[in-house]
Amino acid sequence: MGEKRPRSFYVLAAVFALYVLFLYGPMIAIYILSFQGPDGGLTFPMNGVSLVWFSKVFAGTGIVDIGAAFKRSLQLGLVVMVLTVVISVSAGLAFRKSFRGASFLFYVAIASLIMPSIITSLGIALEFRLLDDFINKSGVEGWTTAMGLYTSGLGAHLTWTLPFGLLIMFAIFNRFDGRLEEAARDLGATRWQTFRHVVLPIILPSVVGIGLFGFTLSWDELARSSQAIGSVNTLPLELQGLTTTVTKPDIYALGTLTSAVSFLVIFLALVVILVLQARQRRHGSDAGKGMV
Amino acid sequence: MVQDRKSLVAWVQAAPMMLIFAAFFLLPLLFVTIVSAWDYNEYEMIPAFSLRGYTDTFEGCIADLPDLCTILKTYVKTLKLCLLTWSLTLLIGFTVAYFLAFHVRSKTWQIVLTLLCTIPFWTSNVIRMIAWIPLLGRNGLVNKGLVGLGVIERPVEWLLYSEFSVVLALVHLFTFFMVVPIFNSLIRIDKRLIEAAHDAGASGWQTLVNVVIPLAKPGIVIGSIFVVTIVMGDFVTIGVMGGQQIASAGKIIESRLNALQFPAAAANAVILLGITILIIVALTRIVNIRKEL
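Everything numeric in this text was worked out from a predicted model, so none of it was measured. (Residues numbered from 1 in each chain as written. Chains lettered and ligands numbered in written order. Predicted model: local features only at pLDDT ≥ 70, side-chain atom pairs only at ≥ 80, totals over all residues. Heavy atoms only, no water.)

## Quick notes on the overall build of chain B
Link 1 in the chain: For chain B, the helix and strand inventory stands at 15 helices and two strands.
Link 2 in the chain: The principal-axis extent of the C-alpha atoms belonging to chain B is close to 80 × 70 × 40 Å.
Link 3 in the chain: The buried share among the 293 residues of chain B stands at 50%.
Link 4 in the chain: Total accessible area on chain B is roughly 14,300 Å²; 67% of this is exposed by carbon and sulfur atoms. (Helix = DSSP H or I, 4+ residues; strand = E, 2+ residues; numbered from the N terminus. Buried < 20%, exposed > 50% of the residue type's maximum accessible area, 1.4 Å probe, protein only. Areas by Shrake-Rupley, 256 points an atom, 1.4 Å probe, with all protein chains shown as cover.)

Structure (structure tokens):
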């Protein structure tokens, strides 16, 4: 600390600043342009400032029922978030004990993470198509399809969010002091009590992080949903469809609204994480200290 | 007995994840493989063995020699995009990770700056693509700026809906996947090794090449696997940023699907998967990940 920084620091700091500008610059441009005046176009300069394009999005004029897609994506995102948290935490606990097939499950999760999304999406589409054919052949009257937002769509999203959840759980438990659980057991806590009162409070900030990944990855998911969502579209799919016909800044307004939801969720999650960590420091400050 | 109970509990805890992956990942992959060897006509797949999906894909590949047929041209183009994106994300990702790991000294700043790089990852990819339109379009900021400066006489067209914009967007979207694993490798390097290199008379550059980069290899390989698999299978970025005009391995599958030619789409998926696995195997040969972890 305090020693003079080498010249390479300033060069690298400049590169980093440029990278951040590269990351945020274009996004900020469309946030500004979404407040374009009524006669304004898709590019700068701003032709006045207005909320016209936002009201167009809310009114639904020009853009196909965007409100419904918004709601669908929001609901699906919340369901994916809850399932990702529960399933990842549960599996994370399993990996702390040894069980047959542990490394198989780990490799499957990694494979699911790096599998090109179009292949996963195609596979799920085929699976449900074959299932529909099978049900039709077995003579069910009036059967249309099993494919839908909460069947194939939900599954497609989970193949993307669960690997992240599992990896975060690994990161948590790599740093977790197992003696805390032993101590709880020695004091007579049941398995559930140990989890509820010892393990969960400690890992809670990271669990919120898993929820953050679960929601935002689902909210923005596109490639895996593309073939596997059925007849209705999620918001990113509608947005992608609009890119080919975009002529007015209403697409920017929609983009700004979508991002606002993401930023709100990120902000809430970070606040919750900070509050939880502060609480841990206050209440649990001497936990484990006597043991080291 | 206690051990049995314990592993039973572990099984129950792991079961939901296993079931989800079985139902929505492993089984679908199996169906892709099976259906790729089915017959098909204009509107449906026929469950009878046929290699038509594959032969149709490679149609004209021998007859057209020495010219490349459509599928090979597409793969060459996809590999080219992949190579460009990979080298750029690696260069930028390594530099950013190096700065974060070695030059940012306070833990708080490290977290804040890492978060700054992560937040875009939690926002929509489509919007991050659309965001280039006001900058790169015909009347975009870049063209206006260049015309204003007198560098070019009239706006250039190749900035948007071109291979340039595709690579730019891919780098923009996916450098994050390089930064995280490389940062993770760099942060674990014992700082005393670098001091030792310095004391032994190594220059900054020599330390970087002979000490830091070899130790960062696991992170580099993991990041590369992410970027390569994403770009090889990409059809969204190439579609949106290429103005739906550029063919890629992923886009072939998408267009076959839109034509309801499922066996052909599946055959292409199997080919894409095979090539992706080959690249991953080649990458992991460079470094034994399991040993390094």
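## What about helix 4 (residues 102-114) of chain A?
Link 1 in the chain: Compared with the 18 Å implied by 1.5 Å per residue over 13 residues, the 19 Å span of helix 4 of chain A between its first and last C-alpha is a close match.
Link 2 in the chain: The set of residues buried in helix 4 of chain A consists of Ala102, Leu105, Val108, Ala109, Ser112, Leu113 and Ile114 of chain A. (Expected span 1.5 Å × (residues − 1).)

## What about the nonpolar core?
Link 1 in the chain: Ranked by internal contacts, the top residues of the largest apolar core, which has 176 residues, are Leu122 of chain A together with Leu186 of chain B.
Link 2 in the chain: Aside from chain neighbours lying at most four places away, what touches Leu186 of chain B is Phe94, Ala97, Tyr98, Ala101, Phe102, Lys191, Val212 and Ala216 of chain B. (Core = buried A, V, L, I, M, F, W, Y, C linked by side-chain atoms within 4.5 Å. Contact = heavy atoms within 4.5 Å.)

## Description of the packing of helix 2 (residues 52-59) of chain A against helix 10 (residues 250-283) of chain A
Helix-helix packing is characterised by the crossing angle of the two axes and by the distance between the axes.
Residues and elements named next belong to chain A.
Link 1 in the chain: Viewed as axis vectors pointing N to C, helix 2 and helix 10 meet at an angle of 80°, and their least axial separation amounts to 8 Å. Between helix 2 and helix 10, the angle is such that the two are roughly perpendicular. Here helix 2 contributes Trp53, Phe54, Val57 and Phe58 to the contact with helix 10, which in turn contributes Asp250, Ala253, Leu254, Thr256 and Leu257. (Axes fitted to C-alpha atoms, helices over the stretch in contact; angles between N-to-C directions. Parallel < 35°, antiparallel > 145°, perpendicular 65-115°, else oblique.)

## Some details on the pairing of strand 2 (residues 45-49) of chain B
All names here are of chain B.
Link 1 in the chain: For strand 1 (residues 38-40) and strand 2, the ladder comprises three bridges, and the chain directions are antiparallel. In the strand pairing of strand 2, Asp39 is matched with Ile46.
Link 2 in the chain: The loop that links strand 1 with its antiparallel partner strand 2 comprises four residues. (Pairing = 2+ DSSP bridges.)

## Section: the interface of chain B and chain A
Link 1 in the chain: Each side of the interface is counted separately: chain B has 86 residues, and chain A has 91 residues.
Link 2 in the chain: For the pair chain B and chain A, the number of links is zero salt bridges.
Link 3 in the chain: The interface formed by chain B and chain A holds eight residue pairs in polar contact (both at pLDDT 80 or more) in total.
Link 4 in the chain: For the side of chain B that touches chain A, the leading source of residues is helix 1 (residues 2-35) of chain B, giving 23 residues.
Link 5 in the chain: Considering only residue class, the side of chain B that touches chain A consists of 63 nonpolar, 16 polar and seven charged. (Salt bridge = Lys/Arg side-chain N within 4 Å of Asp/Glu carboxyl O. Polar contact = N/O pair within 3.5 Å; in protein donor to acceptor, adjacent residues only side chain to side chain. Nonpolar A, V, L, I, M, F, W, Y, C, P; charged D, E, K, R; others polar.)

## Concerning unusual backbone geometry
All names here are of chain B.
Link 1 in the chain: Phi at Tyr161 is positive, roughly 55°, even though this residue is not glycine.
Link 2 in the chain: Position of Tyr161 among the secondary structure elements: in the loop between helix 7 (141-149) and helix 8 (163-174).
Link 3 in the chain: The residue Leu260 is not glycine, and still its phi comes out positive at about 60°.
Link 4 in the chain: On the secondary structure map, Leu260 appears in the loop between helix 13 (249-258) and helix 14 (262-286).
Link 5 in the chain: For Leu260, a relative accessible area of 35% translates into the label partly exposed.

## With respect to the state of the cysteines
Link 1 in the chain: Considering all chains together, one arrives at zero disulfides over all chains under this definition.
Link 2 in the chain: Here Cys82 of chain B is not cross-linked by a disulfide; its sulfur's nearest cysteine counterpart is in Cys69 of chain B, at 20 Å. (Disulfide = S-S within 2.5 Å.)

## Some thoughts on the pattern of salt bridges
Link 1 in the chain: According to the stated counting rule, one finds nine salt bridges over all chains in the structure shown.
Link 2 in the chain: Arg179 of chain A is the partner of Asp177 of chain A in a salt bridge, and the nearest nitrogen-oxygen pair spans 3.0 Å.
Link 3 in the chain: Taking relative accessible area as the criterion, Asp177 of chain A reaches 28% and is therefore assigned partly exposed.
Link 4 in the chain: Residue Arg179 of chain A is classed as partly exposed on the basis of its relative accessible area, which comes to 41%.
Link 5 in the chain: Across the pair Glu157 of chain B and Arg138 of chain B runs a salt bridge whose closest N-O atoms are separated by 2.7 Å. Of this pair, Glu157 of chain B sits in the loop between helix 7 and helix 8 while Arg138 of chain B sits in the loop between helix 6 (133-136) and helix 7; the two residues are 19 residues apart in sequence, bridging distant segments of the chain.
Link 6 in the chain: Overlapping salt bridges, with partners in common, bring together Asp39, Arg52 and Asp56 of chain B in one network.

## Let's talk about the confidence of the model for chain A
Link 1 in the chain: This prediction gives chain A a mean pLDDT of 86; 93% of its residues lie at or above 70.
Link 2 in the chain: Looking at the elements of chain A, mean pLDDT is at its lowest for helix 2 of chain A, recorded as 78, and at its highest for helix 6 (residues 149-174) of chain A, recorded as 93. (pLDDT = per-residue confidence, 0-100.)

## With respect to the confidence of the model for chain B
Residues and elements named next belong to chain B.
Link 1 in the chain: Scored by pLDDT, chain B comes out at a mean of 88, with 97% of its residues at no less than 70.
Link 2 in the chain: Of all helices and strands in chain B, the one with the weakest mean pLDDT is helix 15 (residues 289-292) (53), whereas helix 8 scores best (94).
Link 3 in the chain: Note on the complex model: pTM 0.89, ipTM 0.88.

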